[in-house]
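Tertiary structure, described
Below are the chains, spelled out letter by letter.
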Amino acid sequence: MPRFVRALLVLAVPLALVAAGAWYLSGQFDPAPPPRSPHGRLVVLVSFDQLRGDYPARWAALFGDDGFERFKADGVWFADAHLPYAVTTTGPGHAAASTGAPPSVHGIVANDWFDRGQGKAVYCVTPDRPYERVPPRPGGGRSEGGMSPERLLSPTVGDALAAATGGKGRTFSLALKDRTAVLLGGRRPTGCYCFDSSSGEFVTSTYYRERPHQWVESFNTGRRRAAEPTRPRPPRGR
């Protein structure tokens, strides 16, 4: 048997093992790319005021599958999250949630604070310039003191969305408190409304728009009609 044939037979097994190993490793380190998943078109941020961090786990047996349990199963769940600042009032917390920055950066250091430059106490969503309540208060006349985000120094997620989409992305903020609606909505939301407990209406200010959206007007009109006292009907004649 020729010498090169004997050498080939001797090396056949090691060469086969090397080839098999190379094929296996190529499949492990260069897998086929996974199919692309469609991007989400709707993001909902919900804030529960004074809901302690351990409550969703402590009372899990009382919750249904489509509430907190769905958040834990299908979302990202931080069971032991800590914020790097000490102020736990609503204004700083909402601003931190929407901007990702601490109060020392986003500027909302409390619900109310003393502004040394102005020499007076200020509220986190009441601006220095006058804006009016929209719609005006019942009875007519001017209604100054409208809310605005002018004390918020950092952009929010909604602001970043609008910038990234060239203004096509829309952000609506709806809350019971004015500071919640303003600080979660950002500087230029599509709509920002809070609940006025004195009138039962959802209101905004002229910082955002001159009149409410049609669906807000329809809701407010329905609330006013429901609040009107019903007049007793006169007795029917025989």
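Counting restarts for each chain: residues are numbered from 1 in the order of the written sequence. Note on the predicted model: pLDDT of at least 70 is required for a residue's local features to be given, and 80 or more for side-chain atom pairs to be given and counted; whole-chain, interface and lining totals, by contrast, use all residues. Side-chain figures throughout are based on the complete set of non-hydrogen atoms in the structure, without hydrogens or water.

**Section: the packing of aromatic side chains**
Two rings from Phe, Tyr or Trp (for Trp, the six-membered ring) form a pair when their centres are within 6.5 Å of each other. A pair whose planes differ by under 30 degrees is stacked, one over 60 is edge-to-face, and the rest are tilted. Scanning the model with the defined rule gives nine aromatic pairs in all. Ring geometry for F68 versus F71: centroids 6.4 Å apart, planes at 75°, classification edge-to-face. Of this pair, F68 and F71 both sit in helix α3 (residues 68–74), three residues apart, which is roughly one turn of the helix. When its relative accessible area of 16% is taken as the criterion, F68 is described as buried. Each ring, one from F172 and one from W215, has its centre 6.0 Å from the other, and the planes form 65°; the classification is edge-to-face. Here F172 is found in strand β4 (residues 172–175), whereas its partner W215 is found in helix α8 (residues 214–227), with 43 residues between them in sequence. Partly exposed describes any residue whose relative accessible area lies between the buried limit of under 20% and the exposed limit of over 50%, with all areas from a 1.4 Å probe on protein chains only and scaled to the type maximum. In this structure F172 comes out as partly exposed when scored by relative accessible area, which is 42%. An aromatic cluster of three or more residues is present, and its members are F48, F63, F68 and F71. We count a stretch as a helix when DSSP gives it H or I for four or more residues in a row; a strand needs E for two or more, and each element gets its number in order from the N terminus.

**Some thoughts on the confidence of the model for the chain**
Residues at a pLDDT of 70 or more form 74% of the chain, whose mean pLDDT is 81. Here helix α1 (residues 3–29) stands out as the element of the chain with the lowest mean pLDDT, 48, in contrast to helix α7 (residues 178–185), whose mean of 96 is the highest. By definition, pLDDT measures how confident the predictor is in each residue, and it falls between 0 and 100. Any two residues whose heavy atoms approach within 4.5 Å are treated as being in contact. Low pLDDT, under 50, characterises residues 7–12; the predicted model gives this stretch one contact beyond four residues in sequence or across chains. Note that residues 22–26 has pLDDT below 50 and, in this model, zero contacts with residues that lie over four places away or in other chains.

**A short note on the pattern of salt bridges**
The salt bridge definition used is simple: a Lys or Arg side-chain nitrogen within 4 Å of an Asp or Glu carboxyl oxygen. Scanning all chains against the criterion turns up ten salt bridges. In this structure, D196 engages R133 in a salt bridge whose closest nitrogen and oxygen atoms are separated by 2.7 Å. Of this pair, D196 sits in strand β5 (residues 191–196) while R133 is found in strand β3 (residues 133–134), placing the two residues 63 residues apart along the sequence. R133 carries the same exposure label as D196, and that label is buried. Residue D196 pairs with R137 through a salt bridge whose shortest N-O separation is 3.5 Å. Remark: R137 occurs in the loop between β3 and α6 (157–164) and D196 occurs in strand β5; sequence separation between them is 59 residues. Taking the relative accessible area as the measure of exposure, R137 reaches 42% and is therefore partly exposed. Overlapping salt bridges, with partners in common, bring together R133, R137, D196 and E201 in one network.

**What to know about the packing of helix α4 (residues 90–99) against α7**
Axes are the key here: two packed helices are described by the angle between their axes and the distance separating the axes. Between α4 and α7, the least distance of the axes is 8 Å, while the angle of their chain directions is 25°. When the axis of α4 is compared with that of α7, the two are roughly parallel. Remark: the crossing between α4 and α7 carries right-handed chirality. Contacts from T90, G91, H94, A95, A97 and S98 in α4 reach R179, T180, L183 and L184 in α7. Three classes are used: nonpolar for Ala, Val, Leu, Ile, Met, Phe, Trp, Tyr, Cys and Pro, charged for Asp, Glu, Lys and Arg, and polar for all others, with Gly counted as polar. Considering only residue class, the contact of α4 with α7 consists of four nonpolar, five polar and one charged. Between N-to-C directions, angles span 0 to 180 degrees; the directions come from axes that are lines fitted to C-alpha atoms, helices contributing only their stretch in contact. Working definition: roughly parallel below 35 degrees, roughly antiparallel above 145 degrees, roughly perpendicular at 65 to 115 degrees, and oblique for all remaining angles. Two helices that cross are described as forming a left-handed crossing if the nearer one is turned anticlockwise from the farther one by less than a right angle, and a right-handed crossing if clockwise.

**A word on unusual backbone geometry**
The residue after V134, namely P135, is reached through a cis peptide bond having omega 0°. Its place among the elements puts P135 in the loop between β3 and α6. One non-glycine residue, Q50, adopts positive backbone phi at about 65°. Within the secondary structure, Q50 sits in the loop between α1 and α2 (55–58).

**Re the state of the cysteines**
The disulfide criterion used throughout: a pair of cysteine sulfur atoms within 2.5 Å. In the structure shown here, the tally under the stated rule is zero disulfides. Left unpaired, C194 is separated from the closest cysteine sulfur, that of C192, by 7.1 Å. The buried category is assigned to C194, whose relative accessible area is 7%.

**Comments concerning α4**
When you tally the buried positions in α4, you get eight out of ten residues, the bulk of the element. Here α4 has its buried residues at T90, G91, P92, H94, A95, A96, S98 and T99. As for α4, its buried residues are in contact with α5 (103–106), α6 and α7. Phi turns positive, to about 75°, at G100, one or two residues after α4.

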